[in-house]
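Observations on the model geometry
Listed here are the chains, written in short residue letters.
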Amino acid sequence: MLTIIAALKSELLPLFDFYLLQNRIKMAGGALYQTNDVNLFRCGIGKEAVQKSFDLYVNNISTKGVINIGLSGALADNYKSGDIFLINEIWGENKSVVFYPELMTIPGLSKAKLLTVEDAVFDSTKRDKLFEKYKAELVDMEAYYLAEICKRNNIPFYCVKIASDNANEQAKQQFMESYKKLAVQLTKKIYPFIESMK
């Protein structure tokens, strides 16, 4: 069964309009929402949460592929809230290995490079330094570790992100004002691809 994974339940909630929830299982700080057609998994925020919850998941639940969805900060100046991207490279802050996710076929989406960081970016100076060092257009706190676990377990990994903020001093406010709407927008865009993969 296909697995859709996100850090927050709010990023998965719009999918409950398409898939009937049958069961909920807590998994080491994460949560598995089982439906007839796909598994929805909340992994939590950051490295430690992902490693605990998603390791437990892959060791106990069979999956034919993983799609990481969710909101991300924009490091590139020309990216704005609501832009959706297929992630084709995932870098980890201070990591030497780069992951290259499988690419989805979703018309109208551009590709982007994603940087996974240890701490959320709410500072324009830090944002600019990260962009200069890694040349990554987007930033999150989970994708690198999800990709790492999938690679280790030979699980196909896909990643699509929607920009929610500009990873600066206004990022928290931008996120809080828009996350529900953006989660719906992202779900509508990727739902046909999910259906084609079932």
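Residues numbered from 1 in each chain as written. Predicted model: local features only at pLDDT ≥ 70, side-chain atom pairs only at ≥ 80, totals over all residues. Heavy atoms only, no water.

What follows covers the environment of K111. For K111, the position within the fold is in strand β7 (residues 110–116). Linking K111 and E89, residues 22 residues apart in sequence, is a C-alpha distance of 8.8 Å. Residue contacts for K111: discarding those within four places in its chain leaves Y79, F85, L86, N88 and L103. (Helix = DSSP H or I, 4+ residues; strand = E, 2+ residues; numbered from the N terminus. Contact = heavy atoms within 4.5 Å.)

The next thing to look at is the side chain of S53. Secondary-structure assignment places S53 in helix α2 (residues 46–60). Apart from the residues lying within four places of it in its own chain, the contact partners of S53 are M27, A28, G30, F41 and C43.

This part takes up the packing of aromatic side chains. Throughout the structure, instances matching the rule amount to 12 aromatic pairs. Each ring, one from F175 and one from Y179, has its centre 5.4 Å from the other, and the planes form 10°; the classification is stacked. A residue pair is termed a helical-turn pair when its members lie 3 or 4 positions apart in one helix, as F175 and Y179 do in helix α5 (residues 171–197) at 4 residues. Chaining the aromatic ring pairs together yields one cluster made of F18, Y19 and Y191. Above the plane of the ring of F122 lies K172, whose end atom (NZ or CZ) is 4.7 Å from the centre. (Phe/Tyr/Trp six-rings, centres within 6.5 Å; stacked < 30°, edge-to-face > 60°. Lys NZ or Arg CZ within 6 Å of the ring centre and 35° of its normal.)

Now for the pairing of strand β5 (residues 65–74). Taken residue by residue, a regular strand's side chains alternate between the two faces of the sheet. In terms of residue burial, β5 counts as a mostly covered element, since 10 of its 10 residues are buried. Relative to β5, strand β1 (residues 2–6) is paired through 4 bridges, and the arrangement is parallel. Across the sheet, I5 pairs through a bridge with N68, a residue of β5. Relative to strand β9 (residues 157–165), β5 runs parallel, the two sharing 8 bridges. Its bridge partner lying in β9, S72 is registered against A163. Note: β5 against strand β8 (residues 138–140), 2 bridges, orientation antiparallel. Bridge pairing in β8 places G73 opposite V139. (Buried < 20%, exposed > 50% of the residue type's maximum accessible area, 1.4 Å probe, protein only. Pairing = 2+ DSSP bridges.)

Next up on the list: helix α3 (residues 124–134). Among all positions of α3, only R127, L130 and Y134 are buried. The buried residues of α3 all sit within an arc of 65° when viewed along its axis, so they share a single face. In α3, those exposed residues whose orientation departs by more than 90 degrees from the buried face are K129, E132 and K133. On its buried face, α3 sits against β5, β6 (84–92) and β7. With a side-chain oxygen positioned 3.1 Å from the backbone nitrogen of T125, the residue opening α3 is D123. A positive phi of about 55° marks K135, the residue just after α3. (Arc of directions from axis to C-beta. Polar contact = N/O pair within 3.5 Å; in protein donor to acceptor, adjacent residues only side chain to side chain.)

Quick look at the environment of D37 now. Along the chain, D37 turns up in the loop between β3 (30–35) and β4 (38–42). Sequence-wise, D37 and F131 are 94 residues apart; in three dimensions their C-alpha atoms are separated by 38 Å.

Residues F41, F54, Y57, I87, I90, L138 and F157 are the most contacted members of the largest nonpolar core, which totals 33 residues. Listing elements by their share of this core, those giving two or more residues are α2, β5, β6, β7, α4 (143–152) and β9. Here this core takes 7 residues from α4, the largest share from any one element. Not counting residues within four places of it along the chain, the set of residues in contact with Y57 comprises T3, M27, L32, N39, F41 and T63. Counting 28 residues, the second-largest nonpolar core is a separate cluster that includes A6, L15, Y33 and L186. (Core = buried A, V, L, I, M, F, W, Y, C linked by side-chain atoms within 4.5 Å.)

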